[in-house]
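One letter stands for each residue in the lines below.
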Amino acid sequence: MNITLPPCFAGRHVMLIPGAVIVLVMSLAAICAPLLAPYPPFDLHLNHILEPPSTRFWLGTDRLGRDVFSRMLYGGRVSLWIGFVAVGISVGIGTALGLISGYYRGWVDEVIMRAVDIMLCFPSFFLILAVIAFLEPDMTNIMVVIGLTSWMGVARLVRAETLSLREREFVAAARLAGLLSRRILFSHILPNALAPVLITATLGVAGAILVESGLSFLGLGVQPPTASWGNMLMEGKAVIGTAPWLSVYPGLAILVTVLGYNLLGEYLREILDPRTKQ
Amino acid sequence: MPGTAVFSRRRFAGIAIRVLRKTFWMLLVLFGITCISFFVIHLAPGAPSDAETTLNPLAGEAARRQLEILYGLDRPLHVQYFDWVVRLLRFDFGNSMSADARPVLTKIAERLPLTIGVNLISLVLVLVIAIPLGIITACKQNSLLDRLVTILVFLGFAMPSFWLALLLMLFFGIEHHWLPVSGLTSLNFPELGFWDKCSDLANHLVLPVTVYTVGGLAGMSRYMRACMLEVLRQDYILTARSKGLSQHAVILHHALRNALLPVITLLGLSVPGLIGGSVIIESIFALPGLGQLFYAAVMARDYTLIMGNLVLGAVLTLAGNLLADVCYGLADPRIRLSKGGV
């Protein structure tokens, strides 16, 4: 028996469908949280404390009788928002430093790349933890700190890309035409170096969501009563014996979302990165 | 053709130069790390004297001043840093700034064996599982097994370690009571005989080790597969095959050695992740390891203890890198023979 799959399920496109669907559904769910949530996320149903999933409360209720499904929708907003902003910061810093490093080379390059090496040797989760604990854990601090400790990969990629692009003819032509370096960097080199940036950014969202949920799980991330998947799991752990659903569903949401971004990132790598083409 | 003695001396000299250069560079990196951490931590709001003064209504401004003088926090920051570095050079990490005021080094030394032990056990498990898995999936690319492993790898990448820990606790500890879910030993530990002590300890470590192992497995098997695929494309593999060697001989004698090289580097680079992960995993399973110590230190703003942990983490990371580099040099003739060049 020979089943022929439609092209989207074969070869390298196999990751696109699940990845894109997950990312799309999760983003929509986060954006439309107020419309989709059956209850407001902070509403206490004090007669329904720690109820298992039912038709009334789809994923059960927590210790204060709040609806878990509604809180997960709102928690998704928080996680995705932190993921996106943190990646925005790290991609911004990484791209800028990578461009400068690769284009000007010499001592500038040396200094920036040594800074990258130093940052890579940091036990970064330790540092993030220390800084967040000292600065009061709020969303802005978390996004900034995650962003500031994860730009090194982007910087290395963009630098490598810039190093090869700056030797190409169109850059030489631009230089002969008398364009300023700034103009060459931003209008000629940057657009051509965007593919690897896009790949790392997509994978970076997944990484940032994992770090944020880890911090929130330790109580050093998003603070209750604001819901995030990590702090829902932290609250769930305290009652894991009596209300296991609190420890299961928020983690599933993290898993699925991170999986979606990873699949999408890998797909982009397959189609954009010439090194993986056979 | 050079004699063996000359050859090995040359080889040794090349590696020695590399190691020296690398060590010098690493000391610089370490200096950078301590500098950044020290200033970030001291300039951030909150101080070790808070717990005993601001948060305690009975203590006044005078008590706070006294504590600051005791800890040396009243001096300018650069003086404090200089002082700290000078003491560090004598391997003196200072005393903890908490109420017990014990030396930082002692506190760390108590916790280190557990964290390192658990990490090493799981590292060995990761290698034992991931290397064969990587080889098989690479040799049978796109087979059913390869597809299955790929799916598992993606799930492994996306799995938050603490969620996996919760699920395992739920299943093995709470549903079935097969394994203990927290702590390192049972309450009746002191009364047990030697072998019972060992099995009690092992029982408590099964779940944490599993979580660490699953965390490392996805990346390692994927990486091993990628390296193997890369090697299998090389000309010398084609040569080996066309000589009529069996698949077995080609894979094990020609491909594996070369494919293992990059894996060594990955091991060196995975140290910071392992150290960071220990904070979460140890807090879930209530293991008295380094991660828990660090968490407590951060919460108490115990500057000396935080710095001690960060320095230790950085040193372990750098040592991992250096070790990886040396192993790489020993294993790869191309690097072994080219002198220097970091």
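Whatever comes next refers back to the structure up there.
Residues numbered from 1 in each chain as written. Chains lettered and ligands numbered in written order. Predicted model: local features only at pLDDT ≥ 70, side-chain atom pairs only at ≥ 80, totals over all residues. Heavy atoms only, no water.

A. Just the overall build of chain A, in detail. Each helix and strand in chain A was counted, giving 12 helices and 0 strands. When the helices and strands of chain A are listed from N to C terminus, the series reads α-α-α-α-α-α-α-α-α-α-α-α. Its C-alpha atoms give chain A principal-axis dimensions of about 75 × 60 × 30 Å. The buried share of chain A, taken over its 278 residues, is 49%. Sequence separation of 24 or more characterises 69% of the internal contacts of chain A that already satisfy a separation of 6 or more. A total accessible area of about 12,500 Å² is found for chain A, and carbon and sulfur atoms account for 68% of it. (Helix = DSSP H or I, 4+ residues; strand = E, 2+ residues; numbered from the N terminus. Buried < 20%, exposed > 50% of the residue type's maximum accessible area, 1.4 Å probe, protein only. Contact = heavy atoms within 4.5 Å. Areas by Shrake-Rupley, 256 points an atom, 1.4 Å probe, with all protein chains shown as cover.)

B. How the structure looks around helix H7 (residues 194-232) of chain B. Over its 39 residues, H7(B) runs only 50 Å from end to end, short of the ideal 57 Å by more than 12%, given 1.5 Å per residue. Considering bend angle alone, the principal kink of H7(B) is centred on B:Leu205 and spans about 35°; proline B:Pro208 follows within four residues of it. (Expected span 1.5 Å × (residues − 1). Bend = angle between axes of the 7 residues up to and from the residue.)

C. Seen up close, the interface of chain B and chain A. Contacts between chain B and chain A engage 45 residues on the former and 41 residues on the latter. Buried surface at the junction of chain B and chain A, both sides included, amounts to about 3,900 Å², of which 84% is carbon and sulfur. In this assembly, chain B and chain A are joined by 0 salt bridges. Counting every contact that joins chain B to chain A gives 4 residue pairs in polar contact (both at pLDDT 80 or more). Contributing elements (two or more residues each) for the side of chain B that touches chain A: helix H1 (4-43), helix H5 (144-158), helix H6 (161-175), helix H10 (271-284), helix H11 (290-299) and helix H12 (303-331) of chain B. Among the elements that make up the side of chain B that touches chain A, the one with the highest residue count is H12(B) (9 residues). In terms of residue class, the side of chain B that touches chain A is made up of 35 nonpolar, 8 polar and 2 charged. (Buried area = accessible area lost by both parts, 1.4 Å probe. Salt bridge = Lys/Arg side-chain N within 4 Å of Asp/Glu carboxyl O. Polar contact = N/O pair within 3.5 Å; in protein donor to acceptor, adjacent residues only side chain to side chain. Nonpolar A, V, L, I, M, F, W, Y, C, P; charged D, E, K, R; others polar.)

D. Structural context of the environment of B:Ile264. Looking at the element boundaries, B:Ile264 is found in helix H9 (residues 247-269). Once the C-alpha coordinates of B:Ile264 and B:Cys327 are considered, the two residues, 63 residues apart in sequence, prove to be 7.3 Å apart.

E. Region of the structure containing empty space enclosed by the protein. Under the criterion given, the structure shown has 2 cavities of 30 Å³ or more. Ranked by residues supplied to the lining of the largest cavity, first place goes to H5(B) with 4 residues. Residues belonging to the lining of the largest cavity are distributed by class as follows: 3 nonpolar, 4 polar and 3 charged. One number sums up the size of the second largest cavity: a volume of about 30 Å³. Lining of the second largest cavity is provided by A:Asp62, A:Arg71, A:Met232, A:Glu235, A:Gly236 and A:Leu246. Along the lines of polarity and charge, the residues of the lining of the second largest cavity split into 2 nonpolar, 1 polar and 3 charged. (1 Å grid on protein atoms, 1.4 Å probe; cavity = no way out; pocket = protein on both sides within 12 Å on 5 of 7 lines; lining within 4 Å. Points joined across faces, edges and corners; volume = space filled by probe spheres on them.)

F. Highlighting the packing of H10(B) against H11(B). All names here are of chain B. For the pair H10 and H11, the least separation of the axes is 7 Å and the interaxial angle reads 95°. Taken together, the axis directions place H10 and H11 in an arrangement best described as roughly perpendicular. Along the contact surface, H10 presents Ser278, Val279, Glu282 and Ser283, while H11 presents Leu290, Gly291, Gln292, Phe294 and Tyr295. Considered class by class, the residues forming the contact of H10 with H11 number 4 nonpolar, 4 polar and 1 charged. (Axes fitted to C-alpha atoms, helices over the stretch in contact; angles between N-to-C directions. Parallel < 35°, antiparallel > 145°, perpendicular 65-115°, else oblique.)

G. Spatial organisation of the nonpolar core. One finds B:Phe285 and B:Phe294 to be the most contacted residues of the largest nonpolar core, which totals 133 residues. Filtering out sequence-adjacent residues up to four positions away, B:Phe294 remains in contact with A:Phe126, A:Leu129, A:Ala130, B:Val279, B:Ile306, B:Asn309 and B:Leu310. (Core = buried A, V, L, I, M, F, W, Y, C linked by side-chain atoms within 4.5 Å.)

H. Molecular detail of unusual backbone geometry. Cis peptide bonds are those with omega within 30 degrees of zero, and the linkage from A:Pro224 to A:Pro225 qualifies with 10°. Relative to the elements of secondary structure, A:Pro225 occurs in the loop between helix H10 (194-217) and helix H11 (229-238). Notably, A:Arg105 is not glycine yet its phi reads approximately 50°, a positive angle. Within the fold, A:Arg105 resides in the loop between helix H3 (68-104) and helix H4 (106-121). Non-glycine residue B:Phe91 carries a positive phi angle of around 60°. Relative to the assigned elements, B:Phe91 resides in the loop between helix H3 (77-89) and helix H4 (104-139). Judged by relative accessible area, B:Phe91 falls into the exposed class, the value being 66%.

I. Region of interest: the pattern of salt bridges. Scanning the entire structure with this criterion turns up 14 salt bridges over all chains. A:Arg114 serves as the salt-bridge partner of A:Asp117, at 3.1 Å between the closest nitrogen and oxygen. Taken together, the residues A:Asp117 and A:Arg114, both in helix H4 and 3 residues apart, mark about one turn of the helix. For A:Arg114, a relative accessible area of 31% gives the class partly exposed. Across the pair B:Arg75 and B:Asp83 runs a salt bridge, and its minimum N-O distance is 3.5 Å. A single salt-bridge network, built from bridges that share partners, covers A:Asp62, A:Arg66, A:Arg71 and A:Glu235.

J. Inspection of the side chain of A:Thr162 at higher detail. Residue and element names in this part refer to chain A. Looking at where Thr162 falls in the secondary structure, it is placed in helix H7 (residues 152-165). The buried category is assigned to Thr162, whose relative accessible area is 0%. Once residues within four sequence positions are removed from consideration, Thr162 is found in contact with Gly98, Leu99, Gly102, Tyr103 and Ile189.

K. View of the packing of aromatic side chains. Following the criterion strictly, the structure yields 16 aromatic pairs over all chains and no others. Each ring, one from B:Tyr81 and one from B:Trp84, has its centre 6.2 Å from the other, and the planes form 25°; the classification is stacked. Placement of both B:Tyr81 and B:Trp84 in helix H3 is noted, with a separation of 3 residues, approximately one turn of the helix. Overall, B:Tyr81 belongs to the buried group, its relative accessible area being 8%. By way of ring pairs, the aromatic residues B:Phe31, B:Phe38, B:Phe39, B:Tyr81 and B:Trp84 are connected into one cluster. In this arrangement the basic side chain of A:Arg114 is found over the ring face of B:Trp25, its NZ or CZ atom lying 5.1 Å from the centre. Positioned above the aromatic ring of A:Tyr103, the side-chain terminus of A:Arg166 is 5.4 Å from the ring centre. (Phe/Tyr/Trp six-rings, centres within 6.5 Å; stacked < 30°, edge-to-face > 60°. Lys NZ or Arg CZ within 6 Å of the ring centre and 35° of its normal.)

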